[in-house]
Amino acid sequence: MDMDLNNDLEKRISDAFCVFDHHGDKFIDVREVGTVLRLLGCVPTEEEVNEVISATESEETSGEVHLTKFLPHVSQLLMERKMEPAPPEKILQAFKILDPENKGYLTKESFGKLMMEEGEPFTQEEMDEMWPVAIDPISGHIPYEFYLNQLMVYL
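As the structure is a computational prediction, the values presented were derived from the model and not from experiment. Counting of residues starts from 1 at the beginning of each chain's written sequence and follows it residue by residue. Predicted model: local features are reported for residues with pLDDT of at least 70 only, side-chain atom pairs are reported and counted for 80 or more only, and whole-chain, interface and lining totals are derived from all residues. Side-chain metrics in this entry use all non-hydrogen atoms of the structure; hydrogen atoms and water are not considered.

Describing a negative patch on the surface
Then, in step 1: Each patch groups residues whose relative accessible area exceeds 30% and which form no salt bridge, using 9 Å between like charges and 5 Å between nonpolar side chains of Val, Leu, Ile, Met, Phe, Trp and Tyr. Surface exposure here means Shrake-Rupley accessible area, sampled with a 1.4 Å probe, where a residue is shielded only by the protein chains that are shown. Think of a salt bridge as a Lys or Arg side-chain nitrogen and an Asp or Glu carboxyl oxygen that are within 4 Å of each other. Here Asp and Glu are counted as negative and Lys and Arg as positive; His is not counted, and neither are the chain ends. Charge positions are represented by NZ for Lys, CZ for Arg, CG for Asp and CD for Glu. Together, E47, E51, E120, E125, E126, D128 and E129 make up a negatively charged patch on the protein surface.
Then, in step 2: Only DSSP runs of H or I covering at least 4 residues are called helices, and only runs of E covering at least 2 are called strands; the numbering of each starts at the N terminus. For the negative patch, the elements supplying multiple residues, two or more each, are α3 (46–56) and α7 (124–134).
Then, in step 3: Top contributing element to the negative patch by residue count: α7, with four residues.
Then, in step 4: Within the element layout of this structure, E120 appears in the loop between α6 (108–117) and α7.
Then, in step 5: Buried residues are those whose accessible area, probed at 1.4 Å on protein chains only, stays under 20% of the maximum for their type, while exposed residues exceed 50% and partly exposed ones sit between those limits. Residue class for E120 comes out partly exposed when judged on its relative accessible area of 38%.

Right, dumping it as structure tokens:
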């Protein structure tokens, strides 16, 4: 089934979806939904990923999402600017709140504890991926303005 794509947004969503459509049948596994959203530049929580899955999962084929349901739902989310990454200013403000002594850095221990225990906790694997970028190899601390600049390269 071919779909007419009305605009650039729908084309972007369709292209990202089709990267994970391994059989060419316009279906993806529900486990790929979060990856597709991230490929589109979204920063969804697990709860938001699950909401998209619930809204778009195929009724005929459990565990799969069809492009015809995914496309309009995700188009609407993106037009409403949902799941966008926080602006750098807001992230810097959050780091400064965590640094009441205004040292310009956080310790690996305190930041690691926060990341694994507060909000939507990171897994150990996610922490292991983050540390090489976040930690200054000389001091062993996280100089957060430098780290934030590193993050902006990836967004």
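Further notes follow.
Examining the packing of aromatic side chains
Then, in step 1: Pairing of aromatic rings covers Phe, Tyr and the six-membered ring of Trp, with a centre-to-centre limit of 6.5 Å; geometry is then stacked below 30 degrees between planes, edge-to-face above 60, and tilted otherwise. Evaluated as defined, the whole model comprises five aromatic pairs.
Then, in step 2: Aromatic pair F95 and F111: ring centres 5.7 Å apart, planes at 40°, arrangement tilted. Taken together, the residues F95 in helix α5 (residues 88–97) and F111 in helix α6 connect sequence positions 16 residues apart.
Then, in step 3: Given a relative accessible area of 6%, F95 falls into the buried group.
Then, in step 4: With a relative accessible area of 5%, F111 lands in the buried category.
Then, in step 5: Centroid distance F111 to W131: 6.5 Å. Interplanar angle 65°. Geometry classified as edge-to-face.

Notes on the side chain of H66
Then, in step 1: In this structure, H66 sits in strand β2 (residues 64–66).
Then, in step 2: When its relative accessible area of 12% is taken as the criterion, H66 is described as buried.
Then, in step 3: In protein, a polar contact means a hydrogen-donor-capable atom and an acceptor-capable atom, both N or O and within 3.5 Å, with residues adjacent in sequence counting only if both atoms are side-chain atoms; elsewhere, any N or O pair within 3.5 Å suffices. In this structure the side chain of H66 is engaged in a polar contact, spanning 2.8 Å, whose partner is the side chain of T68.

Comments concerning the nonpolar core
Then, in step 1: By size, the foremost hydrophobic cluster in this structure holds 23 residues, and its most contacted members are I13, V33, L37, L40, F70 and V74.
Then, in step 2: Top element by residues in this core is helix α4 (residues 67–79). It accounts for six residues.
Then, in step 3: Between two residues, a contact is recorded if the distance between any of their heavy atoms is within 4.5 Å. What V33 contacts, discounting residues up to four positions off in sequence, is I28, V49, V52, I53, V65 and F70.
Then, in step 4: To qualify as a nonpolar core, a set must consist of buried Ala, Val, Leu, Ile, Met, Phe, Trp, Tyr and Cys residues joined through side-chain atoms within 4.5 Å. In this structure, F95, L106, W131 and Y147 belong to the second largest nonpolar core, which totals twelve residues.

Concerning the UniProt feature "domain: EF-hand" (unreviewed entry) in the protein
Then, in step 1: Taking the UniProt record as the reference, the feature "domain: EF-hand" (unreviewed entry) is found at residues 8–43 and 86–121.
Then, in step 2: For residues 8–43, helix accounts for 53% and strand for 8%, while the C-alpha atoms at its two ends are 20 Å apart.
Then, in step 3: Between the C-alpha atoms that bound residues 86–121 the distance is 17 Å, and the span itself is 56% helix and 6% strand. UniProt positions are given in the numbering used here, feature names are shortened, and annotations may be inferred rather than shown by experiment.

A word on the packing of α3 against α4
Then, in step 1: Between N-to-C directions, angles span 0 to 180 degrees; the directions come from axes that are lines fitted to C-alpha atoms, helices contributing only their stretch in contact. The geometry of α3 relative to α4 is characterised by a closest axis approach of 9 Å and an angle of 140° between their N-to-C directions. By the criterion of interaxial angle, the relationship of α3 to α4 is oblique. As α3 packs across α4, the resulting crossing turns out to be right-handed. Residues V52, A55 and T56 of α3 form the contact with α4, whose participating residues are K69, F70, H73, V74 and L77. Roughly parallel covers angles under 35 degrees, roughly antiparallel covers those over 145, roughly perpendicular covers 65 to 115, and oblique covers all other angles. Helix crossings fall into two classes, left-handed where the near helix is turned counterclockwise from the far one by less than a right angle and right-handed where it is turned clockwise.

Description of the environment of M152
Then, in step 1: Structurally, M152 can be placed in helix α8 (residues 144–154).
Then, in step 2: When sequence neighbours within four positions are dropped, the list of residues in contact with M152 reads P88 and I91.

Some thoughts on the environment of V65
Then, in step 1: If you trace the backbone, V65 turns up in strand β2.
Then, in step 2: The exposure class assigned to V65 is buried, which follows from its relative accessible area of 0%.
Then, in step 3: C-alpha separation for the pair V65 and D21, spaced 44 residues apart in sequence, amounts to 9.9 Å.
Then, in step 4: Setting aside its immediate chain neighbours within four residues, V65 contacts F17, K26, F27, I28, V30, V33, T56, E57, S58 and F70.

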